[in-house]
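# Examining the three-dimensional arrangement
Spelled out, the chains give:
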Amino acid sequence: MSHHTKPLIIGVSGASGLIYAVRALKYLLAADYEIELVASKSSYMVWQAEQEIKMPAEPTQQEQFWREQAGVAVAGKLRCHPWSDVGANIASGSFRTLGMIIIPCSMSTVAKIAAGLSSDLLERAADVQLKEGRKLVIVPRETPFSLIHLRNLTTLAEAGVRVVPAIPAWYHNPQTIDDLVDFVVARTLDQLEIDCIPIQRWQGRK
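Please read these numbers as outputs of a predicted model, since none were measured by experiment. (Residues numbered from 1 in each chain as written. Predicted model: local features only at pLDDT ≥ 70, side-chain atom pairs only at ≥ 80, totals over all residues. Heavy atoms only, no water.)

## Comments concerning the nonpolar core
The biggest cluster of nonpolar side chains holds 44 residues, and the ones touching the most others in it are I10, L28, I35, L37, W66 and I103. By residue number, the principal contributor to this core is helix α1 (residues 19-30), which donates eight residues. Non-local contacts of I10, meaning those with residues more than four positions away in its chain, are made with L28, I35, E36, L37, V38, I101 and I103. (Core = buried A, V, L, I, M, F, W, Y, C linked by side-chain atoms within 4.5 Å. Buried < 20%, exposed > 50% of the residue type's maximum accessible area, 1.4 Å probe, protein only. Helix = DSSP H or I, 4+ residues; strand = E, 2+ residues; numbered from the N terminus. Contact = heavy atoms within 4.5 Å.)

Structural data, given as structure tokens:
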């Protein structure tokens, strides 16, 4: 049973970099958070392209899939939602949450949220966070940004969305790809005042 009072929504869009979502889940579940997860339709294709893995669509099987990827068998609570289920709990503002993280976040998803479009559950859940004044954090994974991308990101930032690009740092002396990924995930969770990743933080010059 999670000791955290409200669940956190994790949205996974069809951007490259699904490892960011996997590492976020690893630490959040291990810290006993309750997670409501929705993966967009495009993310299924990205799994196939990046890892040659087929992500199951059925919610219970998908929960097991994510737990296997994250290496967390039983800790925390994870509920997966089909991308098309716009009647799910997270589609309503009356369902209280800690907020939502979209990791990674495609430019298509950025554009739709910025325009107030809700063509699937991920976009609807993000729209709900905005209208309810809750925290929404996005991790865009694109380079370079076009002017349209930048304008859409600015629109979201002006609406209160925290934008945490998937840009790692090197001052913590990373030794592995996971070290680089974990830095980005930790800075993302910082936006929600969640501290569950053991990274080396900047302490100033010695």
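After presenting the structure, the write-up continues.
## Some points on unusual backbone geometry
Among all residues except glycine, the phi angle is most often negative; among peptide bonds, the trans geometry is most common. Residue I103 is joined to P104 through a cis peptide bond whose omega torsion reads -10°. In this chain, T143 is followed by P144 through a cis amide linkage whose omega measures -10°. Even without glycine at this site, D32 takes up a positive phi of about 70°. With respect to the helices and strands, the residue D32 is situated in the loop between α1 and β2 (34-39). Phi at N173 takes a positive value of approximately 60°, unusual for a residue other than glycine. Relative to the assigned elements, N173 resides in the loop between β6 (162-163) and α7 (177-190). By relative accessible area, which is 55% here, N173 ends up exposed.

## Here's the deal with the side chain of S40
Tracing the sequence through the fold places S40 in the loop between β2 and α2 (41-51). For S40, a relative accessible area of 7% corresponds to the buried category. In terms of polar contacts, S40 uses its side chain to reach the backbone amide nitrogen of G14, at 3.3 Å. Residue contacts for S40: discarding those within four places in its chain leaves V12, S13, G14, W83, D120 and L122. (Polar contact = N/O pair within 3.5 Å; in protein donor to acceptor, adjacent residues only side chain to side chain.)

## Details of the UniProt feature "binding site: FMN" (unreviewed entry) in the protein
Mapped onto this structure's residue numbering, the UniProt feature "binding site: FMN" (unreviewed entry) falls at G14, A15, S16, S40, S106, M107, S108, T109 and R141. Setting aside anything within four residues of it in sequence, one finds G14 in contact with S40, S42, S43, V46 and S106. Residue placement: R141 occurs in the loop between β5 (136-140) and α6 (147-158). For R141, a relative accessible area of 28% translates into the label partly exposed. Ignoring sequence-local partners within four residues, the contact set of R141 consists of A15, S16, Y20, P104, C105 and A166. (UniProt positions renumbered as here; feature names shortened; annotations may be inferred.)

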